[in-house]
Amino acid sequence: MLREINSGILVDMFVSGANNLINHRQQVDDMNVFPVPDGDTGTNMSMTMRSCVAGLKANRNTTVANVAKSVANDTLRGARGNSGVILSQLMRGFKKAFEGAATCDVALWAKAFKAAADCAYRAVMKPTEGTILTVAREMSETALKYADEFEDFNDFFALIVDAGNKALAKTPELLPKLKQAGVLDSGGQGLMYIIEGMYYYVSKNKIIELDESEDDISSAEVHTEQENIKFAYCTECIIDKKHKGKSAFKFKAAVEVLGDSMVIVDDDDIVKLHIHTNDPHVVLGEALKVGSLSSVKIENMRLQHEDILNAAYKKTEAYTAPAEKTKYAFVSVAVGEGIVNILKDIGITAVIEGGQTMNPSTDDILSAINSINSDNIFVFPNNKNVIMSARQAAELSNKNVIVIPTTAVTQTMSCMLMFDKDAEPLANEEAFGDVLSCVKSAQVTNAVRDTSVDGIDIKEGEYLSIVDGKIKASEQSIESAALTALKLMIDEDSAAVSVFYGADVSEKDAQQLAKKAEELYPECDIILNRGAQPVYHYLISVE
């Protein structure tokens, strides 16, 4: 029987849960409601969980409160996509419930489940049932209802897993679009893989092994590859032993759990130590038990990396750091050489490479914000699945960061054309809001599976006309899908049409589309641009 969970057990439970999710991330990705190539829930949740695994090791021999705090802090910054942000909020609830606790019994775990669900619901502006929120809530309700009947975590977790899977099975009945697509909620399924992985450890005292073939998860870039630094301080010292000739094995065992990249040389008279850790003071405290210290060096690798990152920003075409603080700066999420160059030309300060299928993390966005010397920073997420991460980054920053909830890069371009450098931030924010209410946006991409959406029969390989986030038609050719989107958007008030063709569309085909559009809509200015964006064959805006 397992009556009590200590920090070591909790660490192994989280690792097992994370591994189980990563091993099944493709299955979660494939549970996408819409048949478009953006099934990234599994990837986003896996990367969010993976962001906390390295930091767990340092807290193995501490308290469950410290473990929960580590997980909450790391997932907060590593959160990707809406599912990742919600997952980070669930972990935040665990941290609150475990605060001050050395170990955890069934009653406390039940309270933690409830705190996690409550925290996640509060983080979502308009909570929707039939999602990961429902699965988390129903597990928490079951946990609280029956906690008094259990002392053994094995039996308790079996009940929780059963409640979660029953809640997951009901998601299509609560959310019609799931039933229509014939899938369960992907976020809820991702959560269940985590909980089932934790239960596996509780019941078998064994961590689910990571399938290396599944652990190939790429991350968004901020114009340079970002190193995921879990242990911030490179700590080095030489210890002059009090007791010459005595082995430093006990010292090694005490400090190796506090970080990684440890190198230790144990001579008769001295010990040379190198370790990456978040607790250099603890490491040095253990060292002092061995003897006196010399050549002590502690370097903050995160600051070093930030300097490298800032230098990389300065080298990119998308961003040149101003010598003095500016009143305004702008961060945009986008991908595609042509798109990035256009954003630069219209005044975007920094571009985070990402978007569909490659959502940037909260920390990616925060790094871009931190690299900018400005009083007011506007962030344009350009994807509905990036908005929550952007808002979370804004909360973490001590700068005045304003997130404009753009869902397409064409909206950002229209916003920038309305920007007034002499106006106050609130006035510009309101102007941008007006732009979002009147600009129509469309995307053309291919269907990745057979399905039916809102009465539209879709076959794998067809081309989808997506207007303002909704699938409106499925066509046999890229051009016909683009023309259908234009037909749905253009009305008597329309004056300007901007078309950005993607990396897999030839200039000849794009010009042919533009020519047909000019013939069909002579009253509109048709502006054709090379976007070179992946995933979307065309991005279109109508004003």
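Residues numbered from 1 in each chain as written. Predicted model: local features only at pLDDT ≥ 70, side-chain atom pairs only at ≥ 80, totals over all residues. Heavy atoms only, no water.

A. Spatial organisation of the pattern of salt bridges. The full count for this structure, using the stated rule, is 19 salt bridges. Glu-236 is paired through a salt bridge with Lys-297; the nearest N and O atoms lie 3.8 Å apart. Separated by 61 residues along the polypeptide, Glu-236 in strand β1 (residues 233-241) and Lys-297 in strand β4 (residues 291-300) bring together distant segments of the chain. On the basis of relative accessible area, Glu-236 is assigned to the partly exposed category, the value being 26%. For Lys-297, a relative accessible area of 37% corresponds to the partly exposed category. (Salt bridge = Lys/Arg side-chain N within 4 Å of Asp/Glu carboxyl O. Helix = DSSP H or I, 4+ residues; strand = E, 2+ residues; numbered from the N terminus. Buried < 20%, exposed > 50% of the residue type's maximum accessible area, 1.4 Å probe, protein only.)

B. Broad picture of the sheet that holds strand β5 (residues 326-334). The four strands are arranged β6-β5-β7-β8 in an open sheet whose pairing can be described as parallel. Looking at the sheet topology across the chains shown, the edges are occupied by β6 (350-353) and β8 (400-403). The sheet shows a mean angle of 20 degrees between the axes of neighbouring strands, taken without regard to direction. Here β5 runs beside strand β7 (residues 374-380); their pairing, made up of six bridges, is parallel. Bridging from a neighbouring strand, Thr-326 pairs with Ser-374 of β7. (Pairing = 2+ DSSP bridges. Axes fitted to C-alpha atoms, helices over the stretch in contact; angles between N-to-C directions.)

C. Structural view of the environment of Val-444. With respect to the helices and strands, the residue Val-444 is situated in strand β9 (residues 440-446). Taking the C-alpha atoms as reference points, Val-444 and Val-467, separated by 23 residues in sequence, lie 8.9 Å from one another. Ignoring anything within four residues of it in the chain, the contact list for Val-444 reads Leu-464, Ile-478, Ala-481, Ala-482, Val-535, Tyr-536, His-537 and Tyr-538. (Contact = heavy atoms within 4.5 Å.)

D. Inspection of the environment of Thr-171 at higher detail. One can find Thr-171 in helix α9 (residues 171-174). Judged by its relative accessible area of 0%, Thr-171 falls in the buried class. Considering only alpha carbons, one finds Thr-171 and Gly-130, 41 residues apart in sequence, at a separation of 4.1 Å. Not counting residues up to four positions away in its chain, the partners in contact with Thr-171 are Gly-130, Thr-131, Val-135, Leu-178, Leu-184 and Asp-185. Among the polar contacts made by the side chain of Thr-171, one reaches the main-chain carbonyl oxygen of Leu-168 at a distance of 2.7 Å. (Polar contact = N/O pair within 3.5 Å; in protein donor to acceptor, adjacent residues only side chain to side chain.)

E. Expanded view of the sheet that holds strand β15 (residues 525-530). Taken in spatial order, the six strands of this open sheet run β13-β12-β9-β16-β14-β15, and their pairing is mixed. The open sheet terminates on both sides in strands that have one partner only, identified here as β13 (470-475) and β15. Averaged over all pairs of adjacent strands, the angle between strand axes in this sheet comes to 20 degrees, irrespective of strand direction. With five bridges joining them, β9 and strand β16 (residues 538-542) adopt antiparallel strand pairing. Its bridge partner being in β16, Val-444 is matched across the sheet by Tyr-538. Here helix α20 (residues 478-489) sits on the sheet in contact with β9, β12 (463-467), β13, β14 (496-501) and β16, set at roughly 20 degrees to β12.

F. Focus on the confidence of the model for the protein. In this model, the protein carries a mean pLDDT of 87, and residues with pLDDT of at least 70 account for 90%. Counted against residues more than four places away or in other chains, residues 217-228, with its pLDDT under 50, gives 39 contacts. Contacts from residues 308-321, a stretch scored under 50 in pLDDT, to residues over four places away or in other chains number 29 contacts. (pLDDT = per-residue confidence, 0-100.)

G. Spotlight on helix α16 (residues 362-370). The element α16 is largely enclosed, with a buried count of seven among its nine residues. Among all positions of α16, only Thr-362, Asp-364, Ile-365, Leu-366, Ser-367, Ala-368 and Ile-369 are buried.

H. Representation of the side chain of Ser-140. With respect to the secondary-structure elements, Ser-140 resides in helix α7 (residues 132-146). Among the residues examined, Ser-140 registers a relative accessible area of 1% and is labelled buried. For Ser-140, the residues in contact, after removing those within four places along its chain, are Phe-113, Lys-114 and Ala-117.

I. Examining the pairing of β14 more closely. Taken across its six residues, β14 has five buried, putting it largely inside the fold. Where β14 and β15 come together, six bridges link them in parallel fashion. The residue of β15 that forms the bridge with Val-499 is Leu-528. In this region the chain leaves β14, passes through helix α21 (residues 507-520) and returns to the parallel neighbour β15; the handedness of that crossover is right-handed. (Right-handed = clockwise from strand over helix to strand, strands pointing away.)

J. Spotlight on empty space enclosed by the protein. Under the criterion given, the structure shown has one cavity of 30 Å³ or more. If you add up the space inside the largest cavity, you get close to 110 Å³. As for the largest cavity, its lining consists of 13 residues, and the residues nearest its centre are Leu-90, Phe-94, Phe-113, Leu-191 and Ile-195. Broken down by element, the residue count for the lining of the largest cavity peaks at four residues, all from helix α11 (residues 186-204). Its residues assigned to classes, the lining of the largest cavity shows 13 nonpolar, no polar and no charged. (1 Å grid on protein atoms, 1.4 Å probe; cavity = no way out; pocket = protein on both sides within 12 Å on 5 of 7 lines; lining within 4 Å. Points joined across faces, edges and corners; volume = space filled by probe spheres on them. Nonpolar A, V, L, I, M, F, W, Y, C, P; charged D, E, K, R; others polar.)

K. Structural context of the pairing of β6. As judged from the four bridges shared by β5 and β6, these two strands associate in the parallel manner. For Ala-334, the partnering residue across the bridge sits in β6 and is Glu-353.

L. Spatial organisation of the packing of helix α1 (residues 7-23) against helix α3 (residues 41-56). It is at 9 Å that the axes of α1 and α3 come closest, and there the two elements cross at 150 degrees. Here α3 runs roughly antiparallel to α1, going by the angle between their axes. Note that α1 runs across α3; the crossing there is left-handed. Residues Val-11, Phe-14, Val-15, Ala-18, Leu-21 and Ile-22 of α1 pack against Met-45, Ser-46, Met-49, Arg-50, Val-53 and Leu-56 of α3. For the contact of α1 with α3, the residue count by class is ten nonpolar, one polar and one charged. (Parallel < 35°, antiparallel > 145°, perpendicular 65-115°, else oblique. Left-handed = near helix turned anticlockwise from the far one by under 90°.)

M. Examining the nonpolar core more closely. Ranked by internal contacts, the top residues of the largest apolar core, which has 64 residues, are Met-13, Phe-98, Trp-109 and Phe-153. Among the secondary structure elements, those contributing two or more residues to this core are α1, α3, α4 (64-78), α5 (81-98), α6 (106-123), α7, α8 (153-169) and α11. The element that contributes the greatest number of residues to this core is α6, accounting for ten residues. Ignoring any residue separated from it by four or fewer positions in sequence, one finds Phe-153 in contact with Leu-2, Arg-3, Glu-4, Ile-5, Cys-104, Asp-105, Val-106, Trp-109 and Val-202. (Core = buried A, V, L, I, M, F, W, Y, C linked by side-chain atoms within 4.5 Å.)

N. Representation of helix α17 (residues 387-396) within the structure. Within α17, seven of the ten residues are buried, which leaves the element mostly enclosed by the surrounding structure. Every buried residue of α17 is accounted for by Ile-387, Met-388, Ser-389, Ala-390, Gln-392, Ala-393 and Ala-394. Residues of α17 that are buried sit in contact with α4, α5, α6, α16, β7 and β8.

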